[in-house]
Amino acid sequence: MGFLYAYALVFYALFVWRSIDLSSGKEAWGLRGLRRGWILERNDLSDAQWRNFRANLPALTIVLGGFTVLSLILTHGLRFGGKGMSRYWLVVSTIFLAYMHECCIVFIVAIAAGNFALTKVIAGGRSFFPILLWSYNLAFLILNRVYEGYSFTSLGEAFARLDKHRGAMRWHISFNFVMLRMVSFGLDYHWTRCCRPSAINWEKHNATCSECQTGNPCNLSRQEKVLPENAYGLTAYFSYLFYAPLYIAGPVVSFNSFSSQASSFRPLSFDQAGAYGIRWLACLLLMELMTHYFYYNAFATSRVWPKLSPVQIFIVGYGVLNFMWLKFLLIWRFFRFWALMCGVESPENMLRCVNNCYDLEGFWKSWHASYNRWLVRYIYIPLGGSRWKLLNVWIIFTFVALWHDLEWKLLSWAWMTCLLWLPEGLMKLSLRLKQVSCFYFPLFTEGCAIASALNITGLMMANLIGFVVGPAGFKELISKLFVKQNAWLCLGIFFSFYVGAKVRIGTFFLPLLLFFMHCAAYVSSEGGRSL
């Protein structure tokens, strides 16, 4: 372990040094997206999502802070109950949406109203309702993107002036999260009316869940809780869809979980809020340091691959993955913090650092964890769960790509991720077989570490294809990096990922030592001597 930690320390020290050298050298001249900074002269704001969030952070803090203060006054001062808070959330969230989308709010309300009517009329009594619900939501998800949120001019010249009042944010982008909530409401209500039995062993869960033992139900308990049919009303529905703290970026929470919390308001204590807020501010400072000193994303989006050496290409690819992780962590935890302050707990995203994940399944469970739980509940389990796991992965990742945007590079990312997952999935399935699980192989953890290094490499490539350079840019990158003269460099990078996986697993050459001990014991035994 001493060797592992020493190697990791040297590796990251060299990585940081070479990153600073790259960002301050001639290669950084002319990069797109660099702005004037407050720590150094330049700041990497080439990522549009991070740039917009950072610019609107003061306004969002004031708006959501005021939303939270009013919530605390109503609950503690005026003793509002669940119904009163739902009405308050609906009114304030509608005002928030009117500011964000202005006249385009009519499109969201109309689509959401259609989904509510469809659910109330057909859910529970018809077995084909899930197919109908999914068809309705997928159709609007795709049409919204194809027609760029529609135009009022298409409704008639009398409405053309409304196109000048489309708000500060494109409504069809934030509709993606609204669509997830509409599906959640429809299926939760359908399963309540069908009296679908829960697959959870509650006796075992209550005995092992530390959160439930404190008297505060965990997210799984709230999600699986059977609500009365009158809980699925119009006010509760729209307050859930438009709940301001979680509207823009989530995290995703099911209707059952949201509704059960609305009736029992439990805001964070001062100590809890302070600790969560300080950790978030520390991450924000880390991001500011990263974007001022390291221009990973600017290099990736400026298409300067031909000018970079193979080592620099690796630095940019690995750096972009870390930048993306920290960006989403800050965005998701900011909105989750304000929801917690209002008494609504949603699942935490980014459960582990991106560098602390050594298998693809674990990576996706911890990256966008709330979305992963939504996918499991509303797609994976209804499609048969683990019985059709190898097929369901393709369906789920195709949906995830389409949900993000209608782009070929996202479909390429999704299908490449599925291809990377197939060997891992087959290996995990084989280990469950009785003939394999009883077979002790002393070098098993070494195989895990090697597979982990392959997964990390593949993950870097898949994310570069899907979110940065696209398939065409990736071909250019591959032709530059994977050539014969770079063989030792690629092996060194692979070995570094292998060492990282061993640090995560916590063993190094221990299975090899055990193997030689077994050999020595066998040779010294009676059977070994006779052989």
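In this text, all values refer to a predicted model and were calculated from it rather than measured experimentally. (Residues numbered from 1 in each chain as written. Predicted model: local features only at pLDDT ≥ 70, side-chain atom pairs only at ≥ 80, totals over all residues. Heavy atoms only, no water.)

So, on to the pattern of salt bridges. Tallying each qualifying case throughout the model produces 14 salt bridges. The shortest N-O distance in the salt bridge between arginine 336 and glutamate 345 comes to 3.9 Å. By relative accessible area, which is 23% here, glutamate 345 ends up partly exposed. The partner of glutamate 407 in a salt bridge is lysine 409, with the nearest N and O atoms 3.9 Å apart. On the basis of relative accessibility, which here comes to 31%, the residue glutamate 407 falls in the partly exposed class. On the basis of relative accessible area, lysine 409 is assigned to the partly exposed category, the value being 24%. Where salt bridges share partners, they join Arg222, Arg333, Arg336, Glu345 and Glu348 into one cluster. (Salt bridge = Lys/Arg side-chain N within 4 Å of Asp/Glu carboxyl O. Buried < 20%, exposed > 50% of the residue type's maximum accessible area, 1.4 Å probe, protein only.)

Tracing the backbone shows serine 86 in helix H3 (residues 82–101). Residues within four places of serine 86 in sequence aside, it is in contact with Thr235, Ser239 and Ala262. (Helix = DSSP H or I, 4+ residues; strand = E, 2+ residues; numbered from the N terminus. Contact = heavy atoms within 4.5 Å.)

With that out of the way, let us pick up the UniProt feature "transmembrane region" (unreviewed entry) in the protein. The UniProt feature table records "transmembrane region" (unreviewed entry) at residues 57–76, 88–116, 128–147, 237–255, 276–295, 315–335, 439–465 and 485–501. Secondary structure across residues 57–76 divides into 100% helix and 0% strand, with the first and last C-alpha atoms of the span separated by 28 Å. The annotated region residues 276–295 carries 90% helix and 0% strand content, and the separation between its end C-alpha atoms amounts to 28 Å. (UniProt positions renumbered as here; feature names shortened; annotations may be inferred.)

Take helix H15 (residues 310–341) next. Its 32 residues place the ends of H15 47 Å apart at the C-alpha level, agreeing with the 46 Å of an ideal helix rising 1.5 Å per residue. Of all 32 residues making up H15, 31 are buried, and the element is well covered by its neighbours. At the exit of H15 stands glycine 343, carrying a positive phi of roughly 95°. (Expected span 1.5 Å × (residues − 1).)

Geometrically, the link from glycine 250 to proline 251 is a cis peptide bond, its omega value of 5° lying close to zero. Here proline 251 lies in the loop between helix H11 (244–247) and helix H12 (255–262). Within the chain, glutamate 102 stands out as a residue other than glycine whose phi angle is a positive 50°. Looking at where glutamate 102 falls in the secondary structure, it is placed in the loop between H3 and helix H4 (105–122). A positive phi angle, near 65°, is found at tyrosine 150, a position not held by glycine. Following the sequence through the fold, tyrosine 150 ends up in the loop between helix H5 (129–146) and helix H6 (171–194).

Attention shifts here to the confidence of the model for the protein. Keep in mind that low pLDDT regions are not for reading the predicted coordinates in detail. When pLDDT is averaged along the protein, the result is 84; 90% of the residues meet or exceed 70. The model gives residues 508–517 a pLDDT under 50, and that stretch makes 15 contacts with residues more than four places away or in other chains. For the stretch residues 522–531, pLDDT sits under 50, and the model shows six contacts to residues farther than four places along the chain or on other chains. (pLDDT = per-residue confidence, 0-100.)

Structurally, the position occupied by valine 503 is in helix H22 (residues 487–505). Spatially, the C-alpha atoms of valine 503 and asparagine 356 are 9.0 Å apart, while their sequence positions differ by 147 residues. Not counting chain neighbours up to four residues away, the residues in contact with valine 503 comprise Leu4 and Tyr5.

Looking now at the packing of aromatic side chains. In this description, an aromatic ring pair is defined by two values, namely the gap between the centres and the angle between the planes. Applying the stated criterion across every chain yields a total of 60 aromatic pairs. Ring geometry for phenylalanine 15 and phenylalanine 314: centres 6.2 Å apart, planes at 75°, overall edge-to-face. Placement of the pair is phenylalanine 15 in helix H1 (residues 2–24) and phenylalanine 314 in helix H15, with a sequence separation of 299 residues. Each member of the pair phenylalanine 15 and phenylalanine 314 is classed as buried. Look at phenylalanine 67 and tyrosine 243: their rings are 5.9 Å apart centre to centre, the planes differ by 75°, and that puts the pair in the edge-to-face class. You can see phenylalanine 67 sitting in helix H2 (residues 48–77) and its partner tyrosine 243 sitting in the loop between helix H10 (234–241) and H11, a full 176 residues away along the chain. In this structure, phenylalanine 67 and tyrosine 243 share a single accessibility class: buried. Note that lysine 327 overlies the ring of phenylalanine 328, its terminal NZ or CZ placed 4.4 Å from the centroid. (Phe/Tyr/Trp six-rings, centres within 6.5 Å; stacked < 30°, edge-to-face > 60°. Lys NZ or Arg CZ within 6 Å of the ring centre and 35° of its normal.)

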